[in-house]
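Summary of the model geometry
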Amino acid sequence: MNISTIFTFLLPLFLGFSLSQFHIFASGPKILIVTAHPDDETAFAATIYKITHDLNGFADILLVTNGEGGYKYSTLAEDIYRKELTDEQSGRTALPTIRKKELMAGGEYIGLRDYFFMDQQDTGYTLDADSVLNSVWDTSIVIRKIKELHGKNNYDYVFTLLPVQGTHGHHKAASILALRAVESIASVVRPTIVGCSVTDSTKLIPDSFLSLPGYPETTMNSQLPISHFNRLTPFGFQQKLNYQVIVNWLIAEHKSQGAMQLAMGKGQFEQFWDYAINGKEGKEKIVKLAELLRNAPLKEYQQKK
Ligand SMILES: [Zn+2]
């Protein structure tokens, strides 16, 4: 019996679950992340770290765009990469390769297993999801790929950014495509799709969200998140460490995403929202994941070390 097998058996006992209650996580939670831009995964970085390091799970990422937008913020990265990234033409040419490498370097820290790049054009900032869904992206390729990956990997959860009105149109559009893909999977084998957002300590109860107007697939079962993971959960020697360290490492790798660097140290709670297409089971599965995140024994960080 290897370590991971022992862990798989001991974890539910430690948490007071019977194996039958624990069956959906028998080999650790399996996650597919669907995001628009390289750096969007920072919104649930601590959760992914816990899943891949302490829960014996894995996480793959499907990135919808090629990440060529936002070149105007790349000033500080120009000397690192020795390229004129803030110039539109050279920035849009160089950034897709640079940002894939940045994502994969950061992915090492949070334990991403596999990367699927859809390379749809990152046109630039907009609030309008339609602008890319209707005329720029090949949406059928993205939906087909999500379904194909689920067929191979049987994910437990699909993580998306919460498609609120004020977020980037590409974030909304990527989440809408993930929802459409999940909705088209037979309900008995469908993964639970989770909306994710980050709030700071002054906002344990975030602004409510029920759906994005014009997109009925974004409707929620509840207008508030079901649960959350606290990045400031302490561990390690004298409980001096917390998961914000890992999130900051990941952000630091996204050096060409200039403004993203200012998010270091910000955001405390990774919130989990339950889309209506999950039906009645969504809430229970999200609560169970959050319980595991909170309560799982930390393999590496016990006090005695
Ligand atoms: Zn983004």
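Everything numeric here is computed off the predicted structure, so don't read it as measured data.

1. Considering the pairing of strand β1 (residues 30-35)
β1 sits mainly inside the fold: six of its six residues count as buried. Burial along β1 is two-sided: the face carrying Lys30, Leu32 and Val34 and the face carrying Ile31, Ile33 and Thr35 are both buried. Pairing geometry for β1 and strand β2 (residues 58-65), over six bridges, is parallel. Note on β2: the bridge partner recorded for Val34 is Leu62. In this fold, the crossover linking β1 to β2 by way of helix α2 (residues 45-53) has right-handed handedness. In this structure, β1 lies alongside strand β4 (residues 157-161), joined through three bridges in parallel fashion. What sits directly across from Ile31, in β4, is Tyr157.

2. So, helix α4 (residues 88-110)
Counted at 1.5 Å a residue, the expected span for α4 with its 23 residues is 33 Å, and the 31 Å between its end C-alpha atoms agrees. The largest bend in α4 is about 40 degrees, located at Leu95, with the proline Pro96 one to four residues further on. Contacts from the buried residues of α4 go to α2, β2, α3 (78-81), β3 (112-120) and α8 (244-253). Phi turns positive, to about 90 degrees, at Gly111, one or two residues after α4.

3. Looking at the nonpolar core
Residues Ile31, Ala45, Val158, Ala178, Val194 and Ile246 are the most contacted members of the largest nonpolar core, which totals 65 residues. Broken down by element, the residue count for this core peaks at eight residues, all from helix α7 (residues 169-183). In this view, Ile246 contacts Ala45, Ala46, Tyr49, Tyr109 and Ile110; residues no more than four positions away in its chain are not counted. Grouped together as the second largest cluster of nonpolar side chains are six residues, Tyr71, Leu85, Leu95 and Ile98 included.

4. Some words on helix α9 (residues 281-295)
The end-to-end C-alpha distance of α9, which contains 15 residues, comes to 21 Å, matching closely the 21 Å that a straight helix rising 1.5 Å per residue would cover. The complete set of buried residues in α9 reads Gly282, Lys285, Ile286, Lys288, Leu289, Leu292 and Leu293. Seen from one end, α9 has its buried residues packed into an arc of 160 degrees, which puts them on one side.

5. Comments concerning the packing of α2 against α8
Where α2 contacts α8, the axes come no closer than 9 Å and their chain directions differ by 110 degrees. Compared by their axis directions, α2 and α8 come out roughly perpendicular. Considering the relative orientation of α2 and α8, their crossing is right-handed. Where α2 approaches α8, its residues Ala45, Ala46 and Tyr49 are matched on the opposing element by Ile246, Val247 and Leu250. Grouping the constituent residues of the contact of α2 with α8 by class yields six nonpolar, no polar and no charged.

6. A short note on the sheet that holds β4
Strands sit in the order β3-β2-β1-β4-β5-β7-β6 across an open sheet of seven strands; the sheet is mixed. A strand with exactly one partner marks an edge of an open sheet, and here the two such strands are β3 and β6 (227-230). Each strand of the sheet is rotated relative to its neighbour by a mean of 25 degrees, with strand direction disregarded. In the packing of helix α6 (residues 139-153) onto the sheet, contacts are made with β1, β2 and β3, and the angle to β2 comes to roughly 170 degrees. Of the strands in this sheet, β1, β2, β4 and β5 (192-199) are in contact with α7, which crosses β4 at around 155 degrees.

7. Notes on the confidence of the model for the protein
In this model, the protein carries an average pLDDT of 91, and 89% of its residues clear a pLDDT of 70 or more. A low-confidence stretch, residues 1-23 stays under pLDDT 50, and its non-local contacts, those more than four residues away or across chains, total 14 contacts.

8. Some thoughts on the packing of α6 against α7
Relative orientation of the contacting elements α6 and α7 amounts to 55 degrees, with a least axis distance of 9 Å. The angle between α6 and α7 places the two elements in the oblique class. Along this stretch, α6 crosses α7, giving a crossing that reads as right-handed. Taking contact as the criterion, the partners of Thr139, Val142, Ile143, Ile146 and Lys147 in α6 are, on α7, Leu177, Ala178, Arg180 and Ala181. Residues of the contact of α6 with α7, tallied by class, amount to six nonpolar, one polar and two charged.

9. Looking at the environment of Leu85
Note on placement: Leu85 falls in the loop between α3 and α4. Of the residues examined, Leu85 has 26 C-beta atoms within 10 Å and is grouped as buried. Sequence spacing of Leu85 and Gly70 is 15 residues, and the spatial spacing of their C-alpha atoms is 9.7 Å. Once residues within four sequence positions are removed from consideration, Leu85 is found in contact with Tyr71, Ser74, Ala77, Glu78, Ser90, Gly91, Ala94, Leu95 and Ser256.

10. Section: unusual backbone geometry
What you tend to see is this: most non-glycine residues have negative phi, and most peptide bonds are trans. Phi is positive for Asp39, close to 120 degrees, though the residue is something other than glycine. Looking at where Asp39 falls in the secondary structure, it is placed in the loop between β1 and α2. The class of Asp39 is buried, set by 24 C-beta atoms lying within 10 Å. If you check the backbone angles, Asn56 has positive phi at about 65 degrees while not being a glycine. Take Asn56: it is sitting in the loop between α2 and β2. Residue classification places Asn56 among the buried positions, given that 20 C-beta atoms sit within 10 Å.

The rules we used
- Residues numbered from 1 in each chain as written.
- Predicted model: local features only at pLDDT ≥ 70, side-chain atom pairs only at ≥ 80, totals over all residues.
- Buried ≥ 20, exposed ≤ 12 C-beta atoms within 10 Å, placed from the backbone.
- Helix = DSSP H or I, 4+ residues; strand = E, 2+ residues; numbered from the N terminus.
- Pairing = 2+ DSSP bridges.
- Right-handed = clockwise from strand over helix to strand, strands pointing away.
- Expected span 1.5 Å × (residues − 1).
- Bend = angle between axes of the 7 residues up to and from the residue.
- Contact = placed C-beta atoms within 7 Å.
- Core = buried A, V, L, I, M, F, W, Y, C linked by C-beta atoms within 7 Å.
- Arc of directions from axis to C-beta.
- Axes fitted to C-alpha atoms, helices over the stretch in contact; angles between N-to-C directions.
- Parallel < 35°, antiparallel > 145°, perpendicular 65-115°, else oblique.
- Left-handed = near helix turned anticlockwise from the far one by under 90°.
- Nonpolar A, V, L, I, M, F, W, Y, C, P; charged D, E, K, R; others polar.
- pLDDT = per-residue confidence, 0-100.

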